[in-house]
Amino acid sequence: MTVIAHERFHPSEAVEFSEPAVVAGAGAAAITLSGLEKSFGANRVLRGINLHIPAGEFVAVIGKSGCGKSTLLRILMGLDEPTSGELHFEGADGAEIQPNARIVFQEPRLLPWLSVADNVVVGLGEGVEKKRAREEAKAVLYEVQLAEKAGEWPARLSGGQRQRVALARALVSKPGILALDEPLGALDALTRISMQQLLNRVWRELGCTTVLVTHDVSEAVHLADRVIVLEEGRIALDLAIPYPHPRRHGNPALAELEGRLLSAILGSDGGH
Ligand SMILES: Nc1ncnc2c1ncn2[C@@H]1O[C@H](COP(=O)(O)OP(=O)(O)OP(=O)(O)O)[C@@H](O)[C@H]1O
Ligand SMILES: [Mg+2]
């Protein structure tokens, strides 16, 4: 059986892996947060977050609305500054790096005047030769099963297809860190499940360190190696999900973990 330490501050402290739980990709970065705090005026949103995420791990962050999930993700992405505390990224050799980090939001945020392929090219940034950029965009569109839509306008796609384009735009530069802020939140239940399978597959192929914010506890336990519950600005629970990928829906062991997480989130005002 795989046993994974719940509170991991360094990969060497993780115990007894009987199978490789995490296969980190070449550019994957480890993330370490120490005493991280964030206040907006008198509102203390994050109140001392200590967290180590090994390179290549898939972590889900859940918690009530307003508990600071998006704030944490924005700080990880360098889109916002912490009020105090530290944030470090390490490459495979343990040296500090500035990782290539990409984020996908709930809304796809595509540029309506660019084709699907050109929207993906945007994710490569400046300085990539046009023909090569197009080829890379097509390859990643193939990965998200949208190769045939490369020349289409975003307005002519379904919601799930648009979100796959947004994912392709994030993946095209082969990020070391992928941040996902409720990326499947606006999709219907069936599209959501097929997108979960897609996310799981691309994560396993790319091996990037992935942080997924979600309201869906079932999604968290199906996709993540580890689920973190945020509550009142602190980590209330850090739960390992020690099952191989891809995971089946209807697995009773996952249902049990899901129940524990729901109780942790709902606590006294909703738990049984
Ligand atoms: N730019 C900002 N200025 C002031 N307050 C902010 C700002 N961004 C977030 N907050 C506050 O920080 C708190 C946490 O917000 P955040 O968006 O991180 O929550 P969340 O957990 O992502 O919620 P949800 O699940 O609803 O998306 C909220 O009280 C919010 O009002
Ligand atoms: Mg949010």
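The structure we're discussing is the one just above.
Presented here is a report on the structure given in the accompanying data block. For clarity, every value in this text was computed on a predicted model and none was experimentally measured. (Residues numbered from 1 in each chain as written. Chains lettered and ligands numbered in written order. Predicted model: local features only at pLDDT ≥ 70, side-chain atom pairs only at ≥ 80, totals over all residues. Heavy atoms only, no water.)

Section: the site of ligand 1
Logical step 1: As a structural note, the neighbourhood of ligand 1 is formed by 13 residues, with Ser65, Gly66, Lys69, Ser70 and Thr71 the closest of them.
Logical step 2: Here an oxygen atom of ligand 1 and a side-chain polar atom of Asn43 are 3.2 Å apart.
Logical step 3: Between ligand 1 and Gly66 there is a distance of 2.8 Å, counted from an oxygen atom to a backbone nitrogen or oxygen.
Logical step 4: Elements represented by at least two residues in the shell around ligand 1 include exactly β2 (43-53) and α1 (69-76).
Logical step 5: The greatest single-element share of the shell around ligand 1, amounting to three residues, is contributed by α1.
Logical step 6: The residue makeup of the shell around ligand 1, split by class, is three nonpolar, seven polar and three charged. (Near = heavy atom within 4 Å. Polar contact = N/O pair within 3.5 Å; in protein donor to acceptor, adjacent residues only side chain to side chain. Helix = DSSP H or I, 4+ residues; strand = E, 2+ residues; numbered from the N terminus. Nonpolar A, V, L, I, M, F, W, Y, C, P; charged D, E, K, R; others polar.)

Considerations on the environment of Arg192
Logical step 1: Structurally, the position occupied by Arg192 is in helix α5 (residues 189-206).
Logical step 2: Spatially, the C-alpha atoms of Arg192 and Gly160 are 8.0 Å apart, while their sequence positions differ by 32 residues.
Logical step 3: Not counting the four nearest positions on each side in its chain, Arg192 is found in contact with Leu184, Gly185, Leu187, Thr214, Asp216 and Glu219.
Logical step 4: A polar side-chain atom of Arg192 sits 3.1 Å from a polar atom in the side chain of Glu219. (Contact = heavy atoms within 4.5 Å.)

Considering α5
Logical step 1: With 18 residues, α5 extends 25 Å between its outermost C-alpha atoms, agreeing within 8% with the 26 Å of an ideal straight helix rising 1.5 Å per residue.
Logical step 2: Listed as buried for α5 are Arg192, Met195, Gln196, Leu198, Leu199, Asn200, Val202 and Trp203.
Logical step 3: Close packing links the buried residues of α5 with β3 (58-62), α3 (130-143), α4 (159-171), β6 (177-181), β7 (209-213) and α6 (217-223).
Logical step 4: Two or three places before Leu190, at the start of α5, stands the capping residue Asp188, its side-chain oxygen 3.1 Å from that residue's backbone nitrogen. (Expected span 1.5 Å × (residues − 1). Buried < 20%, exposed > 50% of the residue type's maximum accessible area, 1.4 Å probe, protein only.)

As for the nonpolar core
Logical step 1: Counting residues in hydrophobic clusters, the biggest one holds 49 residues, and the most contacted among them are Ile62, Val120, Leu141, Leu167, Val227 and Leu261.
Logical step 2: Considering every element that reaches this core, the biggest residue donor is α4, with six residues.
Logical step 3: Counting only domains with at least three residues in this core, you end up with domain 1 (55-81 + 176-223 + 232-272) and domain 2 (110-173).
Logical step 4: Setting aside anything within four residues of it in sequence, one finds Ile62 in contact with Lys69, Thr214, Val217, Ala220, Val227, Ile228, Val229, Leu230, Leu261 and Ile265.
Logical step 5: Within the second largest apolar cluster, 26 residues are counted, among which are Val59, Cys67, Met77 and Phe105. (Core = buried A, V, L, I, M, F, W, Y, C linked by side-chain atoms within 4.5 Å. Domains from an automatic or database assignment.)

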